[in-house]
Amino acid sequence: MRIPLLAANWKMNMTRREARVMVEDLLARVGDLRDREAAICPPFHLLSEVGSLLAARPSIRLGGQDLYWKDSGAFTGEVSAPMLRDVGCHFVIVGHSERRALFGETDSSCAQKVTAAQNHGLVPILCVGETLEEREAGRTQERVVSQFRGALQGLALDSGERLVVAYEPIWAIGTGKTDSPEEANRTMSLLRATLAELFGERIAAQVRLLYGGSVKPENIDAFMACREIDGALVGGASLKAESFARIIQFQ
Ligand code: PEP
């Protein structure tokens, strides 16, 4: 019942020309998607360009990498949910660990962003994950559940299709190290149980849970074989058409 989602986070990469070449190559490789969805979250300056290229392929959606919770006003450098909608976004990443570590994102700012996204019809991809120190101290589950509860505080969710969660162990992002599929699946089943506590079983069963952290063509099939893993949030391996196409075509 949950449609797999393979989402690309391009981070601060790509010129307009590079983006055009990559997306055209990707579209030529993947054809129409029937039993899965993909998404590309480029940096803001590429949203319009990438959106136009994806217009003929509704199963590959457009997403932003962040948003601010106010609709408009004197917030230099920020982008709002209505602006992301206006340029054709369906998704928006919220609380990526790079934003938490480098730009002061907190659970409470994530909560405001999740609510703003949903109020304007965007689907937030909420990121949670533990540091290496937390993992080694046996605090993974406590850490991700607390981030999760903090960012979902006060949220009224009437459908699980309006939320995506990405579990991304921070030590696995961009490092080439990955969590084992079994361990990731265990943490993600705890997230689903927390969703059930917060929103009820029916909604919890609809929310898509993505794994993120050095996902590559070589490991995607093993992650996608896990019961609780409904897709992946992919950084480095989403920058090349060949590798992202193989990830989308997981078996
Ligand atoms: C990410 O940026 O969310 C990510 C998972 O990056 P990478 O795939 O490069 O580890």
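Just so it is clear, the structure is predicted and the values come from calculations on it, not from any experiment.

Trainee: How should I be thinking about the packing of helix 5 (residues 107–119) against helix 7 (residues 140–151) in this particular structure?
Mentor: Packed helix pairs are specified by the crossing angle of their axes together with the interaxial distance, meaning the distance between the axes. Interaxial distance between helix 5 and helix 7 falls to 7 Å at its minimum, and their mutual angle equals 45 degrees. Relative to helix 7, the element helix 5 lies oblique. Residue-level inspection shows Asp107, Cys110, Ala111 and Val114 of helix 5 in contact with helix 7, the latter providing Ser146, Gln147, Gly150 and Ala151. The residue inventory of the contact of helix 5 with helix 7, partitioned by class, reads four nonpolar, three polar and one charged.

Trainee: Teacher, can you tell me more about helix 7 here?
Mentor: Along an α-helix, residues three or four apart share an orientation, since each turn contains 3.6 residues. An ideal rise of 1.5 Å per residue puts 16 Å on 12 residues; helix 7 measures up with 17 Å between its terminal C-alpha atoms. By the burial criterion, the buried members of helix 7 are Thr140, Val144, Val145, Gln147, Phe148, Gly150 and Ala151. In the core, the buried residues of helix 7 are packed alongside helix 4 (97–103), helix 5, strand 5 (123–128), helix 6 (132–136), strand 6 (164–167) and helix 8 (181–199).

Trainee: Please clarify how the sheet that holds strand 3 (residues 60–64) should be interpreted in this entry.
Mentor: Working definition: the strands of a sheet are paired by backbone hydrogen bonds and lie parallel or antiparallel to each other. On the basis of which strands lie adjacent, the closed barrel formed by eight strands has the order 1-2-3-4-5-6-7-8 and parallel pairing. Shown here is a sheet whose adjacent strand axes are inclined to one another by a mean of 25 degrees, direction ignored. By the bridge criterion, three bridges tie strand 2 (residues 37–41) to strand 3 in an arrangement that is parallel. Within strand 3, the residue paired with Ala38 across the bridge is Ile60. Sheet contacts for helix 11 (residues 241–248): strand 1 (5–9), strand 2 and strand 8 (231–234); angle to strand 1, the most-contacted strand, approximately 155 degrees.

Trainee: It is not clear to me how the pairing of strand 4 (residues 91–94) should be interpreted in this structure. Could you clarify?
Mentor: Neither face of strand 4 is left uncovered, since the one carrying Phe91 and Ile93 and the one carrying Val92 and Val94 both have all their residues buried. Relative to strand 4, strand 3 runs parallel, the two sharing two bridges. Each bridged residue has a counterpart across the sheet, and for Gly64 the counterpart in strand 4 is Val92. In this fold, the crossover linking strand 3 to strand 4 by way of helix 3 (residues 81–86) has right-handed handedness.

Trainee: I'm lost on the packing of helix 1 (residues 16–30) against helix 11 in this one. Help?
Mentor: The interhelical angle for the contact between helix 1 and helix 11, taken along N-to-C directions, is 40 degrees, at an axis separation of 9 Å. With respect to each other, helix 1 and helix 11 are oriented oblique. Helix-helix and strand crossings are classified by hand; for helix 1 and helix 11 the assignment is right-handed. Contact residues: Met22, Asp25, Leu26, Arg29 and Val30 in helix 1; Ala241, Glu242, Phe244, Ala245 and Ile248 in helix 11. For the contact of helix 1 with helix 11, the residue count by class is seven nonpolar, no polar and three charged.

Conventions and cut-offs
Residues numbered from 1 in each chain as written. Predicted model: local features only at pLDDT ≥ 70, side-chain atom pairs only at ≥ 80, totals over all residues. Heavy atoms only, no water. Axes fitted to C-alpha atoms, helices over the stretch in contact; angles between N-to-C directions. Helix = DSSP H or I, 4+ residues; strand = E, 2+ residues; numbered from the N terminus. Parallel < 35°, antiparallel > 145°, perpendicular 65-115°, else oblique. Contact = heavy atoms within 4.5 Å. Nonpolar A, V, L, I, M, F, W, Y, C, P; charged D, E, K, R; others polar. Expected span 1.5 Å × (residues − 1). Buried < 20%, exposed > 50% of the residue type's maximum accessible area, 1.4 Å probe, protein only. Pairing = 2+ DSSP bridges. Right-handed = clockwise from strand over helix to strand, strands pointing away. Left-handed = near helix turned anticlockwise from the far one by under 90°.

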